[in-house]
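Chain residues, written in single-letter form:
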Amino acid sequence: MRVLVIEDEPDLQRVVWAALQEEGYAVDAAEDGEAGLYKATAWDYDAIVLDMMLPKLDGFQVLHRLRQSKSTPVLVLTARDAVVDRVRGLDAGADDYLVKPFELSELLARLRALIRRAAGQPRPVIEIGNVRIDTVSRSVTRSGEAVSLTATEYSLVELLILNRGKLVTRAMIYDHLFNEDDDSLSNLVDVHVSRVRKKLGHDFVTTRRGQGYIIHG
Amino acid sequence: MVRSLRWRLQTWHALVLLAVLAIFGVFVYELQWQARLQQSDAELDRTAEVIVSRLQRLFPAATPWPWPFRRNRNTPRSPDNRNATTDGIAEASRQSTKPESATGPVGPHDSSSQPAPRDIASRSNPPAPGLGLPDEFLQLFEGDDESRLYFVVWSRTGETLAQSRYAPEIPFPSLQAAKDGLPQRVARVRDSQREVIHVTSFGNHVLVGRSIRFDIVAQQRAAAWLVLTGLGVLAVGLIGGGWLTGRAIRPISEMSAAAQSISAKTLSSRINVQETDNELGQLAAVLNRTFDRLQAAFEQQSRFTTDASHELRTPLAVILSHTELALSRQRSGEDYREALEACRRASQRMTSLIDSLLLLARFDSHESELQLQPLDLEHVTLDTVDLIRPLAEQRGISIGTSTSPTGVFGDRDRLSQVLTNLLSNAIRYNHEGGSVDVSVGEQNGHGVIRVKDTGIGIAADELPHIFERFYRVDKARSRVDGGCGLGLAICQSIVEAHDGTITATSQPEEGTTIEVHLPRGV
């Protein structure tokens, strides 16, 4: 899952970035509205964390322009907790709202919920065959036994499951699993897919040659 | 309610109206009554005058009292005069009247006039009194009409000389004493009878009167009409007055209702001003302007609170999230150090922000005590420039100074703070390799500090706001550089506490000049 953090306070940006990174997200960051809007429209993020008080373009303007082309879920961070501010933010196209100061755990939970809802999977636990994926604890069990996955492997499984029944192209996998700083070697995806197959069974992921991968739910 | 303006107005209106109506009514009543009496008096006077002139013809002025019998014996034919008394008048009148007209009896008081009853008895016709008055004249005193005239003639001593048939008993009105020898006239109302008394120069009293019962009744009726009309006018006046008062009061009530409904939450609503050219419209406009100022103050206050809390929330979020992340699992020493450093930076920012807020609050409540002393602005400026020069050099910005000794009366630390804020702004918003010019001098009896930079400048529409608290021309720069948008507001507070002024001029992309004028003081 790939997330964009638009926050101008360097210390806050770094801690959010680090926390998301540790959660296995691919994280990009921007420190003003202009750069944030550019990245948000250039890539398909699974979610955007957006601060409202931003230089160059403020959060409302970023939201307004972003919504003209993208429906990426946006979690707004703001110091303004007045009802009018919250209403204004939600009406401008935000999907959720978090008032500073916030707990990182709440930020992460809200992001997970946003991503699930956007994928049409409101339930946090998803079962496919004998494989059970808990998106909250980020754990996978196969026939009741815990399976140990790396963060990238888990993200790949989550991406495929959230899009189950739909074709997930290699480009999508690159977009969602790696941030802009990661080397995107094309065979890396195949490496991750084969490891997932090894751990969860070969039939868990179906390959559409030349197109991508699909999980049949 | 009873003490309300409306009730007081109406009560006063009613009282004034009542008083006016009462005075007017009494006046009209009196006027009417006098007119009636005058009308009546005119007739009585005419009648009296006829009798008086008759008397004077009978007894010419030259004749002294008692009148000589001889003179009146010119027409002697007095068969009844067997009982001649000393009362010459009675005699004379009888004698003089008889030949000219139908004679009647003399007054009943005249003991000597024996023939009178006989005359009355002998003629069913009411007898005319003596004095030889014409018949048609005497007709005035006859008839069943209750308002017919009557007369009585007395001698100066009070003896009745003649009287009409229906004359009531009237005591002798002794009047001659007042102005003896001069004719007199007196009018009076006695027992609902109007009487005029003419006193001739000899002291003869001629009284002519009539009953004015009808006049009194008519006058009473008129009075009743007056009262009724007055009540009607009063009622109409009260209703009209009430309506007018209501009309006049209604805008006030509406204004007070509107003003009452304006609370802290609805400060944006205003009193509806319909007529701006009258006093109430002006009052409403004044109130509305007051509400404007109140609303502006409220909004500024609310914005200030929001901004202050916003500025505090961001470093709080940094501390909270950094500690949370650091504590979420075992970390390396480097990670902990980073987290602690971030927390320290955030705490420092909060400390500086809280200091600024407290400073502003103290200036706002006029609690801040300036340590005023005579000082040289040049020294303060050069010291501050020396302190800040490393920061400027770090950014490749040169600071030029042109100063002259300028004595002012001020607080050294606070003025140094102003200079620090102005200089760091001039450096922060400057272009790479730009310059800052600081000059200190004297102008119009003021100490003047001028800080001129070659920076990015401020747009004309932003310029009026730069001294507002938490106002940031570019939010990014100040955040990154650790500013919180209070620097210029603090400068303004300090300068104004010195009774000075601070002004800014700017050209975008050319630079900003800030001028501080401080009074020289003592």
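Fair warning: this is a prediction, and the values are worked out from it, not measured in the lab.

(A) Layout of the overall build of chain A. Counting its secondary structure elements, chain A contains eight helices and twelve strands. Within chain A, the proportion of its 217 residues that are buried is 40%. Once local pairs closer than 6 in sequence are excluded, the contacts in chain A between residues at least 24 apart make up 58%.

(B) Molecular detail of the overall build of chain B. Helices and strands together make up the secondary structure of chain B, namely twelve helices and twelve strands. The buried share of chain B, reckoned over its 522 residues, is 30%. Restricting the contact set of chain B to residue pairs at least 6 apart, pairs at least 24 apart contribute 63%.

(C) The arrangement of the sheet that holds strand β1 (residues 149–154) of chain B in detail. Residue and element names in this part refer to chain B. Read across the sheet, five strands follow the order β2-β1-β5-β4-β3 without closing on themselves; strand pairing throughout is antiparallel. With one partner strand each, in any of the chains shown, β2 (160–163) and β3 (184–190) form the two edges of the open sheet. The average angle at which neighbouring strand axes cross in this sheet is 15°, direction not considered. Two elements, β1 and strand β5 (residues 205–211), share six bridges in a ladder whose sense is antiparallel. When the bridges of β5 are listed, Trp154 appears paired with His205. On the sheet, helix α1 (residues 5–58) packs against β1, β3, β4 (193–199) and β5 and is oriented at approximately 145° with respect to β5.

(D) Looking closely at the sheet that holds strand β10 (residues 168–169) of chain A. Residue and element names in this part refer to chain A. Strand order in this open sheet of three strands is β10-β12-β11, and the pairing throughout is antiparallel. Across the chains shown, the open sheet's two edge strands, defined by having one partner strand only, are β10 and β11 (206–208). Sheet topology places β10 next to strand β12 (residues 212–214); two bridges connect them, and they run antiparallel. Directly across from Thr169, in β12, lies its bridge partner Gly212.

(E) How the structure looks around the packing of helix α6 (residues 151–162) of chain A against helix α7 (residues 170–177) of chain A. Residues and elements named next belong to chain A. Running from amino to carboxyl end, α6 crosses α7 at an angle of 125°, the nearest separation of the two axes being 11 Å. In terms of orientation, α6 and α7 fall into the oblique class. Taken as a pair, α6 and α7 cross one another with a handedness that is right-handed. Along the contact surface, α6 presents Thr152, Ser155, Leu156 and Leu159, while α7 presents Ile173, His176 and Leu177. When grouped by side-chain class, the residues that make up the contact of α6 with α7 number four nonpolar, three polar and no charged.

(F) Summary view of unusual backbone geometry. Cis peptide bonds are those with omega within 30 degrees of zero, and the linkage from Lys100 of chain A to Pro101 of chain A qualifies with -5°. Relative to the helices and strands, Pro101 of chain A is located in the loop between β5 (96–99) and α5 (104–118).

(G) Highlighting the interface of chain B and chain A. The interface is formed by 20 residues belonging to chain B together with 20 residues belonging to chain A. The set of elements that each furnish at least two residues to the side of chain B that touches chain A consists of α7 (279–327), α8 (333–364) and α11 (475–480) of chain B. The element best represented in the side of chain B that touches chain A is α7 of chain B, accounting for 13 residues. Its residues placed into classes, the side of chain B that touches chain A shows eight nonpolar, six polar and six charged.

(H) Region of interest: the nonpolar core. Ranked by internal contacts, the top residues of the largest apolar core, which has 68 residues, are Val3, Val5, Ile6, Ile48, Val49, Leu50 and Val157 of chain A. Excluding residues that lie within four positions of it along the chain, Val157 of chain A makes contacts with Ile133, Val140, Leu149 and Val196 of chain A.

(I) Quick peek at the environment of Ala346 of chain B. Tracing the backbone through its elements, the reader meets Ala346 of chain B in helix α8. Distance in space between the C-alpha atoms of Ala346 of chain B and Val318 of chain B is 6.6 Å, their sequence separation being 28 residues.

(J) Just the confidence of the model for chain B, in detail. Summing up the model confidence of chain B, the mean pLDDT is 78 and the portion of residues at 70 or higher is 81%. Reported confidence for the predicted complex is 0.76 by ipTM and 0.56 by pTM.

(K) Looking closely at the pairing of strand β6 (residues 125–128) of chain A. Residue and element names in this part refer to chain A. Pairing between β6 and strand β7 (residues 131–134): four bridges, direction antiparallel. Along β7, the bridge assignment pairs Ile126 with Ile133. The turn linking β6 back onto β7 is made up of two residues, and Gly129 within it adopts a positive phi angle of 60°.

(L) Broad picture of the packing of helix α6 (residues 213–261) of chain B against α7 of chain B. Residue and element names in this part refer to chain B. Orientation of α6 relative to α7, taken along the N-to-C sense of each, is 10°, at an axis distance of 11 Å. As judged from the angle between their axes, α6 and α7 are roughly parallel. Along its contact with α6, which presents Pro251, Ile252, Met255 and Ala259, the element α7 presents Leu280, Ala284 and Leu287. Here the contact of α6 with α7 is composed, by residue class, of seven nonpolar, no polar and no charged.

(M) Quick peek at the environment of Ile239 of chain B. Mapped onto the elements, Ile239 of chain B comes out in helix α6. Taking the C-alpha atoms as reference points, Ile239 of chain B and Ala14 of chain B, separated by 225 residues in sequence, lie 9.9 Å from one another.

(N) Representation of the environment of Asp376 of chain B within the structure. Residues and elements named next belong to chain B. With respect to the helices and strands, the residue Asp376 is situated in strand β6 (residues 372–376). The sequence separation of Asp376 and Arg412 amounts to 36 residues, and the corresponding C-alpha distance is 9.1 Å. When sequence neighbours within four positions are dropped, the list of residues in contact with Asp376 reads Pro405, Thr406 and Gly407.

(O) Molecular detail of α1 of chain B. Its 54 residues place the ends of α1 of chain B 77 Å apart at the C-alpha level, agreeing with the 80 Å of an ideal helix rising 1.5 Å per residue. Residues Leu44, Thr47, Ala48, Ile51, Val52, Arg54, Leu55 and Leu58 of chain B constitute the buried set of α1 of chain B.

Parameters and conventions
Residues numbered from 1 in each chain as written. Chains lettered and ligands numbered in written order. Predicted model: local features only at pLDDT ≥ 70, side-chain atom pairs only at ≥ 80, totals over all residues. Helix = DSSP H or I, 4+ residues; strand = E, 2+ residues; numbered from the N terminus. Buried ≥ 20, exposed ≤ 12 C-beta atoms within 10 Å, placed from the backbone. Contact = placed C-beta atoms within 7 Å. Pairing = 2+ DSSP bridges. Axes fitted to C-alpha atoms, helices over the stretch in contact; angles between N-to-C directions. Parallel < 35°, antiparallel > 145°, perpendicular 65-115°, else oblique. Left-handed = near helix turned anticlockwise from the far one by under 90°. Nonpolar A, V, L, I, M, F, W, Y, C, P; charged D, E, K, R; others polar. Core = buried A, V, L, I, M, F, W, Y, C linked by C-beta atoms within 7 Å. pLDDT = per-residue confidence, 0-100. Expected span 1.5 Å × (residues − 1).

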